[in-house]
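# Tertiary structure, described
Chain residues, written in single-letter form:
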Amino acid sequence: MISTPPDIPAEYRTLSRRDHKRIDDFRSEGVIVNYSNCVRENEFLEHTNSFKQNSDIIQEGNIFVIIEKNSSKKIYFENVKTIEFKIEEEFKLSNIDKEVFADSLNKLKNHLANLSFNDISVEFIDNESIHFILDFDGEKLLMIDKYVNYKEHELEENQIFYSFFINRNLISSNVVEISDFVKKFQSYITV
Amino acid sequence: MLSKFQTLLKNFNLTLQCNYLKVTGKIDYPESILPKSNFYKLIDFELLLASNKNIYIIRRSDKSVEETFQLNGGKHYLRIGAIKNERLPKLSLNLLGAFFKKEHLKYVVPHNKAGGAKWKNNEKVSFSSFFQDYHVTDFGCEIYLHANNINGKTFPFAYPYSKDNARVVREFENAVGGGAIQQVTDPLNPKNIYYQVNGTIRLVHDPIILNYWHVEMISENFNGKEVKSASPVWTKTFFDNMMRNLIRVNAYPSREEIGTVNENIYLNVS
């Protein structure tokens, strides 16, 4: 049984037998690198309710997910939260139908959270398109345009437009499949 | 003879009316921005941008700075919503650095008025003939665009293989020579065949009767033609997006240093 770290809300403290099974599943996914009765200095603690949007990896429940500081998973989860915050901020400014964007946003968010950006902003246009700007070190800027009604533009569901700038100069642009693009772009950015 | 007299009388009346409105302060159009017969018909943008690295063009936004720009990484970027309804290509702009000043943005000259027609043949413009062809508007903020970073920018993109697009490529290669455009097969998806080409954004001087400093932004496909419709449908959307993104990245809510347009760029002394 895991004892309770002092700064964790009570509703997330209890683990059931079923949770242990799921923790094992998560470990097999490489999500949980450690779980113990306290949070050590080199660990970052979160509970799964924060991550319930990441349905491929973690479901909601009373499970502690402990991730090493600065691990890619930690960056990923922090990025997810940042993107969610920016999306909510923008929703407040826009008169748009959230439901129209929900599915596309959820997928985009999970892809873009893999990128080690410094800042991100989002904009919605007329229940039709989503536009992200991501800021990176070295005056690098990535713009992502996603059309919700992709079929009308003869695009595939997972295709996006990207424009990549360095020092405000357009370096590259294209129509790409997002998952593959994000992997390649992140490896380029981290070189 | 009668008709000529009537025209003269009409012009005389218009001049009287115009002068009265000017004297009483009811109209205050900046006549300094009108074309003059000793100006070049068109400014050569390549020459202009080569002469100064800080050339800016300006347009107005109906919205406030906060609604027009978005902060990201401590820098301002134009919101796509600020230009989503604008005509692209042929975005309407004004050249700064000579006679057009940011204070002149409030004067609107509709294209369907005689004063909004193209200025041709170095014709002398008499303001009194066009003083009814503009109105004054309130606006939210200025959008400054760095012309040097926009004009002539190319964006590489995959022009998809299709029957229609193959014909366009063939026509182009017949004109410039075969092999100018590379056909590529995606190694990961052999069904995905495309041509590797470049689109280009250009700034074009477009003087109108009531504003010599009017400029348009256009986009061209690899063959120098405007992209109107293409197969697949996203080609046009993609072009518009690239144009918008290039604008967004090079847009500023204010500028301290604006390059001067040298006289030899617009004044024909020969």
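Just above, that's the structure.
Just so we're clear, the structure is a prediction, and the values are computed from it rather than from any experiment. (Residues numbered from 1 in each chain as written. Chains lettered and ligands numbered in written order. Predicted model: local features only at pLDDT ≥ 70, side-chain atom pairs only at ≥ 80, totals over all residues. Heavy atoms only, no water.)

### Some remarks on the overall build of chain A
Note the cut-off: Elements are defined by DSSP. Helices are runs of H or I of four residues or more, strands are runs of E of two residues or more, and each kind is numbered from the N terminus. Partly exposed residues are those whose accessible area sits between 20% and 50% of the maximum for their type, while under 20% is buried and over 50% is exposed, using a 1.4 Å probe and protein chains only. What makes two residues a contact is simply this: any of their non-hydrogen atoms within 4.5 Å. Residue burial considers only the protein chains on display, and all accessible areas are found by Shrake-Rupley using a 1.4 Å probe.
When its secondary structure is counted, chain A shows four helices and seven strands. Mapped in sequence order, the helices and strands of chain A form the string α-β-β-α-α-β-β-β-β-β-α. Taken over 191 residues, chain A has a buried fraction of 50%. By sequence separation, contacts in chain A at least 24 residues apart represent 48% of the contacts at least 6 residues apart. By element, 45% of the accessible surface of chain A is carried by carbon and sulfur atoms, the whole surface being about 9800 Å².

### Here we look at the pattern of salt bridges
As a reminder of what qualifies: Salt bridges are counted wherever a side-chain nitrogen of Lys or Arg sits within 4 Å of a carboxyl oxygen of Asp or Glu.
According to the stated counting rule, one finds 14 salt bridges over all chains in the structure shown. A salt bridge links A:Glu139 to B:Lys75; the nearest nitrogen and oxygen atoms lie 3.6 Å apart. Separated into two different chains, A:Glu139 in the loop between β4 (129–136) and β5 (140–147) and B:Lys75 in strand β3 (residues 75–78) make up a pair that spans both. A relative accessible area of 41% means that A:Glu139 is categorised as partly exposed. Between B:Glu171 and B:Arg167 there is a salt bridge whose closest N-O contact spans 3.3 Å. Separated by four residues within a single helix, B:Glu171 and B:Arg167 lie in helix α4 (residues 163–176), roughly one turn from each other. Given a relative accessible area of 38%, B:Arg167 falls into the partly exposed group. When salt bridges that share partners are traced, they join A:Glu90, A:Glu123, B:Arg79 and B:Arg248 into one network.

### Focus on the interface of chain A and chain B
As a reminder, the rule being used: Buried area is understood as the total, over both parts, of accessible area removed when two parts are fitted together, assessed with a 1.4 Å probe. Definition of a polar contact: a pair of N or O atoms within 3.5 Å, with one able to donate and the other able to accept a hydrogen when the atoms are protein atoms, and with sequence-neighbouring residues admitted only if both atoms are side-chain atoms.
Between chain A and chain B, the contact holds 36 residues from the first and 33 residues from the second. Summed over both partners, the interface of chain A with chain B comes to about 2900 Å²; 52% of that surface belongs to carbon and sulfur atoms. Of all residues in chain A, A:Glu123, A:Arg168 and A:Leu170 give up the largest surface area on contact with chain B, accounting jointly for 24% of the area buried on that side. Taken together, chain A and chain B are joined by four salt bridges. A:Glu90 is paired through a salt bridge with B:Arg79; the nearest N and O atoms lie 2.8 Å apart. Where chain A touches chain B, the interface holds 17 residue pairs in polar contact (both at pLDDT 80 or more). Those elements that place two or more of their residues in the side of chain A that touches chain B are α2 (72–93), β3 (119–125), β4, β5, β6 (159–166) and β7 (169–177) of chain A.

### Some details on the environment of A:Tyr188
Tracing the backbone through its elements, the reader meets A:Tyr188 in helix α4 (residues 178–189). Not counting residues up to four positions away in its chain, the partners in contact with A:Tyr188 are A:Lys140, A:Phe164 and A:Ile166.

### Structural notes on the pairing of strand β8 (residues 154–160) of chain B
Residues and elements named next belong to chain B. Defined as follows: Should DSSP find at least two bridges between two strands, the strands are regarded as paired.
Counting buried residues in β8 gives five out of seven residues, a clear majority hidden from the surface. The pairing of β8 with strand β10 (residues 193–205) spans seven bridges and is classified as antiparallel. In the strand pairing of β10, Thr154 is matched with Thr200.

### Brief notes about a nonpolar patch on the surface
The following threshold applies: Here the term patch refers to residues with relative accessible area over 30% and no salt bridge, with like charges joined within 9 Å and nonpolar side chains (Val, Leu, Ile, Met, Phe, Trp, Tyr) within 5 Å.
There is a patch of nonpolar side chains on the surface, built from B:Phe5, B:Leu9, B:Phe12 and B:Leu16 and spanning about 430 Å² of accessible area. Tracing the backbone through its elements, the reader meets B:Phe5 in helix α1 (residues 2–23).

### Here we look at the packing of aromatic side chains
The condition is simple: Stacked, tilted and edge-to-face are the three classes assigned to paired rings of Phe, Tyr and Trp, where Trp is represented by its six-membered ring and a pair needs centres within 6.5 Å; plane angles under 30 degrees give stacked, over 60 edge-to-face, the rest tilted. Any Lys NZ or Arg CZ that is within 6 Å of a ring centre and within 35 degrees of that ring's normal is treated as a charge sitting over the ring.
Counted according to the given criterion, the structure contains 28 aromatic pairs over all chains. On the numbers, 4.9 Å between centres and 90 degrees between planes, the contact of B:Tyr212 with B:Trp213 is edge-to-face. Among the residues examined, B:Trp213 registers a relative accessible area of 0% and is labelled buried. An aromatic cluster of at least three residues, connected via ring pairs, comprises A:Phe136, A:Tyr162, A:Phe164, A:Phe181, A:Phe185 and A:Tyr188. Its end group placed over the ring of B:Phe99, B:Lys36 keeps NZ or CZ at 5.7 Å from the ring centre. In this structure, B:Arg255 is placed above the aromatic ring of B:Tyr252, and the distance from its NZ or CZ to the ring centre is 3.7 Å.

### Here's the deal with helix α5 (residues 234–249) of chain B
Put simply, the rule is: Helix span is expected to be 1.5 Å times the residue number reduced by one.
Compared with an ideal rise of 1.5 Å per residue, which puts 16 residues at 22 Å, α5(B) spans 22 Å between its outermost C-alpha atoms and is within 8% of the ideal. With respect to burial, α5(B) is a largely interior element, 15 of its 16 residues being buried.

### Focus on the side chain of B:Glu173
All names here are of chain B. Counted only if it meets this: Think of it this way: Lys and Arg go in the positive column, Asp and Glu in the negative one, and His and the chain ends go nowhere.
For Glu173, the position within the fold is in helix α4. Although Glu173 is buried, it forms no salt bridge, and the closest oppositely charged side chain is Arg170 at an N-O distance of 8.5 Å. Among the polar contacts listed, one links the side chain of Glu173 to the backbone nitrogen of Ile181, at a separation of 2.9 Å. Contact partners of Glu173, with chain neighbours within four places excluded, come to Gly178, Gly179, Ala180 and Ile181.

### A closer look at the nonpolar core
In plain terms, the rule: Remark: nonpolar core denotes a set of buried residues (Ala, Val, Leu, Ile, Met, Phe, Trp, Tyr, Cys) joined through side-chain atoms within 4.5 Å.
Ranked by size, the top nonpolar core spans 86 residues in total, and within it B:Leu95, B:Trp213 and B:Met217 carry the most contacts. By residue number, the principal contributor to this core is α5(B), which donates eight residues. Excluding its chain neighbours within four sequence positions, the residues that come into contact with B:Leu95 are B:Ile43, B:Phe45, B:Leu48, B:Ile55, B:Tyr56, B:Ile57, B:Phe100, B:Trp213, B:Val215 and B:Val261. Counting 33 residues, the second largest nonpolar core, distinct from the first, contains A:Ile83, A:Leu105, A:Leu134 and A:Val176.

### Comments concerning the pairing of β6(A)
Residue and element names in this part refer to chain A. With six of eight residues buried, β6 lies mostly within the body of the structure. The pairing of β5 with β6 spans six bridges and is classified as antiparallel. Along β6, the bridge assignment pairs Met143 with Ser163. As paired strands, β6 and β7 are joined by eight bridges and run antiparallel to one another.

### Structural notes on the sheet that holds β5(A)
Residues and elements named next belong to chain A. Spelled out, the test is: Axis geometry follows a simple rule: fit a line to the C-alpha atoms, using only the stretch in contact for helices, then measure angles between N-to-C directions, giving values from 0 to 180 degrees.
Ordered in space as β3-β4-β5-β6-β7, the five strands form an open sheet in which the pairing is antiparallel. Edge positions in the open sheet fall to β3 and β7, since each of these has one partner strand only. Each neighbouring strand pair of the sheet contributes to a mean axis angle of 15 degrees, computed without reference to strand direction. One ladder, built from seven bridges, connects β3 with β4; its direction is antiparallel. Following the sheet pairing, Phe124 is matched in β4 by Ile130. Along the sheet, helix α3 (residues 98–112) makes contact with β3, β4, β5 and β6, crossing β4 at roughly 20 degrees.

That's the geometry; what it means functionally is another story.
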